[in-house]
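Working through the structure, step by step
So you can see what is in the structure, the chains are spelled out below.
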Amino acid sequence: MEQTKDAEKIREIQKSAQPCFQCGICAASCPVFRVAPEFNPRIAVDEVIRTGSVEVTGREWSCAYCLMCEERCPMGVALSEILIDIKNLSSQTGKVPPSVIELMDVIRYTGKVSQASSRTEKKRKELGLPVLPKPDVDEIQKIFELTGAADRLTRYREAEVEPE
Ligand code: SF4
Ligand code: SF4
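This brings us to the overall build of the protein. The number of helices and strands found in the protein is ten helices and zero strands. Reading the protein from its N end, one meets helices and strands in the order α-α-α-α-α-α-α-α-α-α. Buried positions account for 19% of the 164 residues belonging to the protein. Relative to all contacts within the protein whose residues are 6 or more apart in sequence, the contacts with residues 24 or more apart total 74%.

In structure tokens form, the structure reads like this:
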């Protein structure tokens, strides 16, 4: 059943990638590609069109979801959505980079993606901004349990994969 759903999703991804004519504007616009050329959005799309499958390497997790590629794509290819779909498929196979696993853990136990430093807090006070609210960590942990994210985290920890 899971495999049928994956095949359907791959067909959907392939269909949305079809208008791409490999002009490379997405790569030229991508801030991540500029500093980490091993992640190339044009190649990610090409892979889907050529093979009808998704390349699950771990590199797709580098996308910062800035949407610059979509803004500039002359064919309106929803590249960031394609990459999110690839990440979802990749997470089902357990191919999740250690940095993402770490981040999931931080969110699970603190309710934040990062802690505000004392300097930031001081600056906020100087600017008259309110004190940052404390997240309800119990509630967040419950969400992790109920959505299966906690189980996934355990599985990822057991089979931790280095990105290529
Ligand atoms: S900008 Fe659009 S058409 Fe050009 S390579 Fe990227 S996805 Fe394909
Ligand atoms: S959305 Fe992702 S792939 Fe597109 S330009 Fe931004 S970082 Fe690059």
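This brings us to the site of ligand 1. The environment of ligand 1 is formed by 14 residues, the closest being Cys20, Cys23, Ile25, Cys26 and Cys73. Only α2 (25-29) and α4 (41-51) provide two or more residues apiece to the shell around ligand 1. A class-by-class count of the residues in the shell around ligand 1 yields eleven nonpolar, two polar and one charged.

In this section: helix α6 (residues 79-92). Between its first and last C-alpha, α6 extends 20 Å over 14 residues, near the 20 Å set by a 1.5 Å rise per residue. Listing the buried residues of α6 in full gives Leu79, Ile82, Leu83, Ile86, Lys87 and Ser90. Mapping the buried residues of α6 onto a view down its axis gives an arc of 140 degrees, with all of them on the same face.

Taken together, 15 residues are adjacent to ligand 2, and Cys30, Pro41, Cys63, Cys66 and Cys69 come closest. When residues of the shell around ligand 2 are traced back to their parent elements, those giving at least two are α3 (31-35), α5 (68-72) and α6.

This part is about the domain arrangement of the protein. Parsing the protein into structural domains produces domain 1 (2-92) and domain 2 (98-158). One C-alpha centre belongs to domain 1, the other to domain 2, and the line joining them spans 28 Å.

Nonpolar side chains tend toward joint burial in soluble globular proteins. With 20 residues, the main nonpolar core has Ala17, Val45, Leu79 and Ile82 as its most contacted residues. Secondary-structure elements contributing two or more residues to this core are α1 (2-17), α2, α3, α4 and α6. With four residues, α6 is the single largest residue contributor to this core. The contacts of Leu79, once residues within four sequence positions are left out, are Cys26, Pro41, Val45, Cys69, Glu70 and Cys73.

With that settled, consider unusual backbone geometry. The phi torsion at Gln22 lies on the positive side, around 60 degrees, for a residue other than glycine. Checked against the element boundaries, Gln22 lands in the loop between α1 and α2. Residue classification places Gln22 among the exposed positions, given that 12 C-beta atoms sit within 10 Å. Of note in the backbone geometry, Leu67 takes a positive phi value of approximately 75 degrees without being a glycine.

Further remarks concern the packing of helix α7 (residues 98-110) against helix α10 (residues 149-158). Following both chains from N to C, one finds α7 and α10 inclined at 140 degrees, their axes separated by 11 Å at the closest point. The orientation of α7 with respect to α10, classified from their angle, is oblique. Crossing of α7 over α10 shows left-handed handedness. Only Ala149, Leu153, Tyr156 and Arg157 of α10 make contact with α7, whose side of the interface consists of Ile101, Met104 and Asp105. Considered class by class, the residues forming the contact of α7 with α10 number five nonpolar, no polar and two charged.

Let us now look at α7. Counted at 1.5 Å a residue, the expected span for α7 with its 13 residues is 18 Å, and the 18 Å between its end C-alpha atoms agrees. Taken from the residues just after α7, Gly111 is the one with a positive phi, measuring 80 degrees.

Relative orientation of the contacting elements α4 and α6 amounts to 65 degrees, with a least axis distance of 11 Å. Comparing the axis directions of α4 and α6 gives the class roughly perpendicular. Seen along the crossing, α4 lies across α6 with a hand that is left-handed. Seen from α4, the contacting residues are Pro41, Ala44, Val45 and Val48; seen from α6, they are Leu79, Ile82, Leu83 and Ile86. Taken together, the residues of the contact of α4 with α6 sort by class into eight nonpolar, no polar and no charged.

Conventions adopted
- Residues numbered from 1 in each chain as written.
- Chains lettered and ligands numbered in written order.
- Predicted model: local features only at pLDDT ≥ 70, side-chain atom pairs only at ≥ 80, totals over all residues.
- Helix = DSSP H or I, 4+ residues; strand = E, 2+ residues; numbered from the N terminus.
- Buried ≥ 20, exposed ≤ 12 C-beta atoms within 10 Å, placed from the backbone.
- Contact = placed C-beta atoms within 7 Å.
- Near = placed C-beta within 6 Å.
- Nonpolar A, V, L, I, M, F, W, Y, C, P; charged D, E, K, R; others polar.
- Expected span 1.5 Å × (residues − 1).
- Arc of directions from axis to C-beta.
- Domains from an automatic or database assignment.
- Core = buried A, V, L, I, M, F, W, Y, C linked by C-beta atoms within 7 Å.
- Axes fitted to C-alpha atoms, helices over the stretch in contact; angles between N-to-C directions.
- Parallel < 35°, antiparallel > 145°, perpendicular 65-115°, else oblique.
- Left-handed = near helix turned anticlockwise from the far one by under 90°.

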